[in-house]
Amino acid sequence: MMKIDSVKDLKNLRDKLKSAENLKKATVMVKVSMSTCGIASGARETMDYFINELDNKAIDASVIKTGCMGYCYAEPTIELSKPGKEPVIFGYVDTKRAQEIIDKYIVADEELVGIIPLNFETVN
Amino acid sequence: MDKIKLTIDDTQVVVEKGTTVLDAAKSVGIDIPTLCYLKLEDTAFENTPGGCRMCVVEVDGRRNLAPSCKTPCDDGMLVKTHTPRVVNARRTVMELILSDHPFECLVCTKSGKCDLQTLAQDLGIREIHYEGEKSTYKGDESPGIVREPEKCIMCRRCETACNDVQTVGTLSALYRGFGSIVAPAFEMDLDHSNCTFCGQCVSVCPTGALIERDNTWKVIEAIMNPKKTVVVQTAPAVRAALGEEFGYDAGTLVTGKMVTALRKIGFDYVFDTDFAADLTIMEEGTELLGRLNKYLKGDKEVKLPMLTSCCPGWVNFFEYHFPDMLDIPSTAKSPQQMFGAIAKSYFAEQLNIKREDMVVVSVMPCLAKKYEAARPEFAVNGDPDVNVSITTRELAQMIKSANLNFDALKDDDFDRPLGESTGAGVIFGTTGGVIEAAVRSAYELHTGKNLEKVDFHELRGFDGIRSATIDFDGLPINIGIAHGLGNARKLLEEIQEGKSQFHAIEIMACPGGCIGGGGQPYHHGDIGILKKRQKAIYQEDAGKPIRKSHENPYIQKLYKEYLGEPCGEKSHELLHTNYFDKKKKIVIE
Amino acid sequence: MAKLKKQIRIALRNCGFINPENIDEYIARDGYMALGKVLETMSPEETIEEIKKSGLRGRGGGGFPTGLKWELTRKVDAEQKYVVCNADEGDPGAFMDRSILEGDPHSVIEAMAINAFCTGASKGLVYIRAEYPLAIERLKIALKQAREYGFLGNNIFGSNFSFDIEIRYGAGAFVCGEETALIHSMEGLRGEPGVKPPFPSEKGYQGMPTNVNNVETYANIPVIILEGADWFNKIGTEKSKGTKVFALAGKVNNVGLVEVPMGITLREVIFDIGGGIKDGKKFKAVQTGGPSGGCLTEAHLDTPIDYDNLINAGSMMGSGGMIVMDEDDCMVSMAKFYLDFTVEESCGKCAPCRIGNKRLYELLDKITEGKGTDEDLFKLRNLATVIKDTSLCGLGQTSPNPVLSTMDNFPEEYEAHVKDSKCFAGQCKALMQYIIEEDACTGCTLCVRVCPVDAISGERKMAHFINQDTCIKCGACMEKCKFGAIYIG
């Protein structure tokens, strides 16, 4: 890894990383909330399930672990974004629900009930 | 120095910056009550955890009450020390402390001398409104010290003594909250721990949580037994402190009254440990000169500096903490043990009785002496050289129990032969005394010249570590002195690192030496008491007709009739010992 | 929908969005830009001024102005100074610090570096409880990655500033969240607080000036630097700026972690964000500030939440625990629950906390057992007041708050327990009775068969009754009764 010696260096790196991230947005992206509480409610199983199933179905997707999203009552939670659409949050995502999300929301492109409305703004 | 002006209870006070509210109040005659707080001036002892909250005061503009012992004065500060809010807080907290304390005052060793009891009375506590569960812990009765942890009020004074002053590290706070207690690790017994039994924890304990092991009944039983000849020896520091138990000012010598009291209690022979102190000088001094001569002849193996070995707390300390240095201290036994060995051989033979029929009792300012007397190497076929060791406080107790009006007692002299001593023996009771006594004799033995001036003021004083060079007729002898085990540790570490320039070092475990021993009347934080005792010791020395150990006629007689020469064969058998690595002996059960 | 967006995420800005184990994702969201900005364009004094201007106050509970704290440490001359991150989160039910460290560890690292630059420290320590293994693991990964990019180490951003961070583990004692106790614990000493002054800014870790800030406080720093103090201080109330993370728990529908602007009302948090009370029950009280806080009632629902308002209402901000209670919760039991916690967590150093809290607990226990007297209520208040007034550290000075605030807000509950032996909420077992309603009982004997202590008697097909002396209040009979004939009275 290169050592960052100036803000200029850092800006270059950031811009490079940002454009790489934008590329990812052209595919399906699943973020699984993997903090202690999420993992305790089964998030690891959920994440593994997404990785395997999306792979099995040859869907171009990235599955990423993140920290806590704050929806403790609905763990495991995931944030799902499809190309060209606003990301949505699903709660109570066990493997059964994960299958349903893959089949209906990702593959069949149907609407799904039970999306948790985003209830906050962030600074960036 | 910056001056600060503040108001305490409507009185203007001017103090130096950094002064606590407690001290500022004291300076204008306002005595804010304290309990855990204890500072011993001129020593490393400073216990101010701010835990008992007895010294709280109201400070204008502050939300909570402030502990005056830890609150520095500020300019313009307004302090009130006895508002209803403060008084109610103090009384309530005192009631809380009492609610977790056994109500055994009537039979408690500490009754009448207990800081907690005194303060509860001062606060006028007549009822305890808060009652509930009381704490229980594992008690501990070790050879020198008894722990009654239910009486512990978590003032942490013992912890400060054990860790900060003595650097022994046996006692520390264990557990949390209501269950917290100061104890050895894992609540192990003290005699399974690395405790040196110096007893400084007992000296500062405000309650009866740490006390000496009471041996007075053993003494009474021995006296009552018609088959036994009971011999008592009294250590030099005892006579300089015993009077305090009977209302005399600190520093009042009560040697004569003490002798009479001991006779009236029923001892068959009243002897003086000072005699054995003179004997110690003969042995230790000879050993030092032996090592020095070898060294001067170019022997590189010889162990220098030589360390004194008459303090049993100190002996325990190096056995536990510096086991790689066991060959450095003098092999001479302590005066207590020399006395026991001589009493049960030389003197028993004179009386024509078996050693088993003689009971040797020692009166000591010390708790480690109880432990020392019980060491297996100081016994012949299971019969200890010193059977029972009691403290100054226990002797006072015995005198009171024997219906003696101490004040009305006449002065009397010790018995002979083991009661005759010199001024050199007396000063064993204070820091610097042993080495001064050794110098008085070693000088004459080494140079063959008469020592004109026997007072070595350069060796006296109260500083924790002192040093002086004494001219042995052209040979400079470097002497180090430490009192308090924390100071001893510093000197030992210098020796370990090869930095020491000393030829001889005197070490005493307790601050001030034996005058500040763990078995002495309680000083309640007044270090002036120790200094007065020290003065009394030097006063007794100055008044003695003979002031050099080797000039004691009864010592000379003892060598002539019985021992032969100092450090000779018989002396080695009776008066010398060896040391053990005790680090391995720490038991965690 | 818009109504729901009452949250603004500053401290939690990256949590749930980035992979905490990949520094690149943090950098892609302007990570370490604030550190770079400070090192290249700002002096320590300017940076401290910016933090002061932002109005940021300590998020660990005390609410001390952060910029001022930094300035105090900066002003002390010393060869070595330290910055410490307090990650010893101990309030029951609070987990915002863990979430930040698990979800966005770099924001804390970056802020600690900024803090070190400002105070003149070269060493940072994160004091974290060993019960947070995932947070520790992610923090370790983050530290390694930050070193690789040169955000930690020598000559950061090509400047003269060098700084690195070590992790220190705590054993999970609540009192070690108090900064002097925390420092003692890091030094290997018993984790008990010392009397202040001296403050850690003068004499802290190893006797050196030390600045201790909480995880959430740190997480705000990079944003303040990048967005500016003037942006930050527009959020919040006059004396409490920015946002606060709360762990919303208890009897609300949407329990979870929320970050709301200061000045929001409890009603908005509980009803709008939290989705109201579970099972349609009635709101009764909310405990903020954990065991150090107090309980607030319906009367406080529209009070804007900030440091000062909460204190005036008899509670405190604390680290952000917010436990909602409904009509089934007994306030005396609630106070007892928190006292049980503080009795366990008192370090034992000072007498009022060590013994007083135990006695306070015993008094509450007596009252919930139905054995309390009028005098006990008086004692309870006196004792609580004295403990608050005389305890050495924040733990003891606040531990009676649950008692005092429930006594103030729900005096009738205490009186009912003492005078009428009644617990309105039906929570105090000793005070409740299972009673069979004669008219509704069919005499089916089902209850007789489940009763483990044979306390129920009655002829078949006749009304049964419960012997109250024998009954152990297990509730099995009520559960079993098909006719709803058994009720609690």
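Cut-off values and rules
- Residues numbered from 1 in each chain as written.
- Chains lettered and ligands numbered in written order.
- Predicted model: local features only at pLDDT ≥ 70, side-chain atom pairs only at ≥ 80, totals over all residues.
- Heavy atoms only, no water.
- Helix = DSSP H or I, 4+ residues; strand = E, 2+ residues; numbered from the N terminus.
- Buried < 20%, exposed > 50% of the residue type's maximum accessible area, 1.4 Å probe, protein only.
- Contact = heavy atoms within 4.5 Å.
- Areas by Shrake-Rupley, 256 points an atom, 1.4 Å probe, with all protein chains shown as cover.
- Lys, Arg positive; Asp, Glu negative; His and termini not counted.
- Charge placed at Lys NZ, Arg CZ, Asp CG, Glu CD.
- Polar contact = N/O pair within 3.5 Å; in protein donor to acceptor, adjacent residues only side chain to side chain.
- Buried area = accessible area lost by both parts, 1.4 Å probe.
- Salt bridge = Lys/Arg side-chain N within 4 Å of Asp/Glu carboxyl O.
- Patch = residues over 30% accessible without salt bridge, like charges linked within 9 Å, V, L, I, M, F, W, Y side chains within 5 Å.
- Core = buried A, V, L, I, M, F, W, Y, C linked by side-chain atoms within 4.5 Å.
- Domains from an automatic or database assignment.
- Pairing = 2+ DSSP bridges.
- Axes fitted to C-alpha atoms, helices over the stretch in contact; angles between N-to-C directions.
- Phe/Tyr/Trp six-rings, centres within 6.5 Å; stacked < 30°, edge-to-face > 60°.
- Lys NZ or Arg CZ within 6 Å of the ring centre and 35° of its normal.
- Expected span 1.5 Å × (residues − 1).

**Observations concerning the overall build of chain A**
Helices and strands together make up the secondary structure of chain A, namely 4 helices and 6 strands. Shown N-terminal to C-terminal, the secondary structure of chain A runs as helices and strands in the order α-β-α-α-β-β-β-α-β-β. If one aligns the C-alpha atoms of chain A with their principal axes, the spans along those axes are about 50 × 30 × 25 Å. A buried classification covers 48% of the 124 residues belonging to chain A. Long-range contacts, defined as pairs at least 24 residues apart, comprise 62% of the intrachain contacts of chain A with a sequence gap of at least 6. Carbon and sulfur atoms form 52% of the exposed surface of chain A, whose accessible area is close to 6200 Å². One way to put it: in chain A the 17 positive side-chain charges average out to a point 6 Å from where the 19 negative ones average out.

**Thoughts on the side chain of Ser33 of chain A**
All names here are of chain A. As for its placement among the helices and strands, Ser33 is situated in strand 1 (residues 28-33). In terms of polar contacts, Ser33 uses its side chain to reach the backbone carbonyl oxygen of Gly67, at 3.2 Å. Not counting residues up to four positions away in its chain, the partners in contact with Ser33 are Gly38, Ala43, Thr66, Gly67, Cys68, Met69, Glu75 and Thr77.

**Structural notes on the interface of chain C and chain A**
Often, the extent of an interface is quoted as the loss of accessible area on bringing the components together. The partner chain A presents 40 residues to the 52 residues of chain C that form the contact. Taken together, both faces of the contact between chain C and chain A bury some 4000 Å²; the carbon and sulfur share is 59%. Contact with chain A buries area across many residues of chain C, yet Arg9, Phe17 and Tyr149 of chain C alone supply 16% of it, more than any other trio. Summed over the shared surface of chain C and chain A, the result is 2 salt bridges. Across the salt bridge formed by Arg14 of chain A and Asp30 of chain C, the nearest N and O atoms sit 2.7 Å from each other. Seen at the junction of chain C and chain A, the total is 16 residue pairs in polar contact (both at pLDDT 80 or more). Of all elements in the fold, only strand 1 (7-9), helix 1 (23-28), helix 2 (33-41), helix 5 (96-103), helix 7 (133-149) and strand 7 (256-261) of chain C reach the threshold of two or more residues within the side of chain C that touches chain A. Considering every element that reaches the side of chain C that touches chain A, the biggest residue donor is helix 7 of chain C, with 5 residues.

**Quick notes on a nonpolar patch on the surface**
On the surface, a cluster of nonpolar side chains totalling about 230 Å² of accessible area is made up of Phe64, Leu68 and Leu72 of chain C. Using a relative accessible area of 39% as the deciding quantity, one classes Phe64 of chain C as partly exposed.

**What to know about the interface of chain B and chain C**
Taken together, the contacts link 36 residues of chain B with 33 residues of chain C. Interface area lost by chain B to chain C is led by Tyr130, Arg176 and Phe178 of chain B, which between them contribute 22%. The tally of links between chain B and chain C comes to 4 salt bridges. A salt bridge links Glu345 of chain C to Arg176 of chain B, with the nearest nitrogen and oxygen atoms 3.1 Å apart. The interface formed by chain B and chain C contains 22 residue pairs in polar contact (both at pLDDT 80 or more). No other element matches the 8 residues that helix 2 (residues 84-99) of chain B contributes to the side of chain B that touches chain C.

**Thoughts on the environment of Thr19 of chain B**
Residue and element names in this part refer to chain B. With respect to the helices and strands, Thr19 occurs in the loop between strand 2 (11-16) and helix 1 (21-27). Beyond its immediate stretch of four places on either side in the chain, Thr19 contacts Ala24, Thr71, Pro72 and Cys73. Among the polar contacts listed, one links the side chain of Thr19 to the backbone oxygen of Glu16, at a separation of 2.5 Å.

**Quick look at the nonpolar core**
Counting residues in hydrophobic clusters, the biggest one holds 90 residues, and the most contacted among them are Leu242, Phe267, Trp314 and Leu395 of chain B. When residues of this core are assigned to domains, at least three fall in each of domain 2 (98-213) and domain 3 (217-575) of chain B. Residues in contact with Trp314 of chain B, not counting those within four places in the same chain, are Leu307, Thr308, Ser309, Leu485, Ala488, Leu492, Ile507 and Ala509 of chain B. Residues Cys15, Leu39, Phe161 and Ile221 of chain C belong to the second largest nonpolar core, which totals 83 residues.

**Some thoughts on the arrangement of the chains**
By number of contacts, the leading pair among the 2 pairs of chains in contact is chains A and C. In this view chain A stays clear of chain B, with the nearest C-alpha atoms of the two still 28 Å from each other.

**Remarks on the sheet that holds strand 9 (residues 294-297) of chain C**
Residue and element names in this part refer to chain C. Pairing is mixed across the open sheet formed by 5 strands, whose spatial order is 7-6-10-8-9. Here the strands that pair on one side only, and so sit at the sheet edges, are strand 7 and strand 9. This sheet shows a mean twist of 30 degrees between the axes of neighbouring strands, independent of strand direction. As judged from the 4 bridges shared by strand 8 (residues 283-288) and strand 9, these two strands associate in the antiparallel manner.

**Points about the packing of aromatic side chains**
For the structure on display, the rule yields 24 aromatic pairs over all chains. For the ring pair Phe246 of chain B and Phe406 of chain B, a centre distance of 4.2 Å and an interplane angle of 10 degrees mean the geometry is stacked. In this pair, Phe246 of chain B is assigned in the loop between strand 13 (229-234) and helix 7 (255-265) and Phe406 of chain B in the loop between helix 12 (392-401) and helix 13 (423-426), connecting sequence segments 160 residues apart. The ring centre of Phe246 of chain C lies 5.8 Å from the NZ or CZ of Lys244 of chain C, which sits over that ring.

**Considerations on the pattern of salt bridges**
All names here are of chain B. Under the defined criterion, the tally for this structure stands at 90 salt bridges over all chains. A salt bridge links Lys369 to Glu372, with the shortest nitrogen-to-oxygen separation between them at 3.3 Å. Taken together, the positions of Lys369 and Glu372, both in helix 11 (residues 368-373) and 3 residues apart, correspond to about one turn of that helix. Here Arg547 ties to Asp455 by a salt bridge, and the two come within 2.6 Å at their closest N and O atoms. Note that Arg547 is positioned in the loop between helix 16 (527-542) and helix 17 (553-563) and Asp455 in the loop between helix 14 (433-447) and strand 20 (465-472), a separation of 92 residues in sequence. Residues joined by salt bridges that share partners form a network here, namely Glu436, Arg440, Asp455, Arg460, Asp541 and Arg547.

**Some details on the domain arrangement of chain B**
All names here are of chain B. You can read the domains of chain B as domain 1 (3-82), domain 2 (98-213) and domain 3 (217-575). A separation of 26 Å is found between the C-alpha centroids of domain 1 and domain 2. At the junction of the two partners, domain 1 supplies 12 residues and domain 2 supplies 12 residues. Both sides of the domain 1 and domain 2 interface together cover about 1000 Å² of buried area, and 74% of this is carbon and sulfur.

**As for helix 6 (residues 105-119) of chain C**
Residue and element names in this part refer to chain C. Between its first and last C-alpha atoms helix 6 spans 21 Å; for 15 residues at 1.5 Å apiece the expected length is 21 Å, and the two agree. Counted residue by residue, helix 6 has 15 buried out of 15 residues, so it is predominantly covered. Two residues or fewer past helix 6, Gly120 is found with a positive phi of approximately 90 degrees.

**With respect to the pairing of strand 7 of chain C**
Residues and elements named next belong to chain C. With 6 of its 6 residues buried, strand 7 lies for the most part within the structure. Taking every second residue as pointing to the same face, both faces of strand 7 are buried, with Gly256, Val258 and Val260 on one and Leu257, Glu259 and Pro261 on the other. Here strand 6 (residues 243-250) runs beside strand 7; their pairing, made up of 6 bridges, is antiparallel. Bridge assignment links Thr243 to a residue of strand 7, and that residue is Pro261. Here strand 6 hands over to strand 7 after 5 residues, the two strands then running antiparallel side by side.

**Details of the pairing of strand 19 (residues 388-391) of chain B**
All names here are of chain B. Both faces of strand 19 are covered, namely the face carrying Val388 and Ile390 and the face carrying Ser389 and Thr391. Of the pairings in the sheet, the one linking strand 16 (residues 358-364) to strand 19 comprises 4 bridges and is parallel in character. From the neighbouring strand, Val361 faces strand 19, where its bridge partner is Val388.

**Things to note about the environment of Asp413 of chain B**
Residues and elements named next belong to chain B. By secondary structure assignment, the location of Asp413 is in the loop between helix 12 and helix 13. The spacing of Asp413 and Ala240 is 173 residues in sequence and 16 Å in space, taken between C-alpha atoms. For Asp413, the contacting residues outside a window of four places in its chain are Val259 and Arg263.

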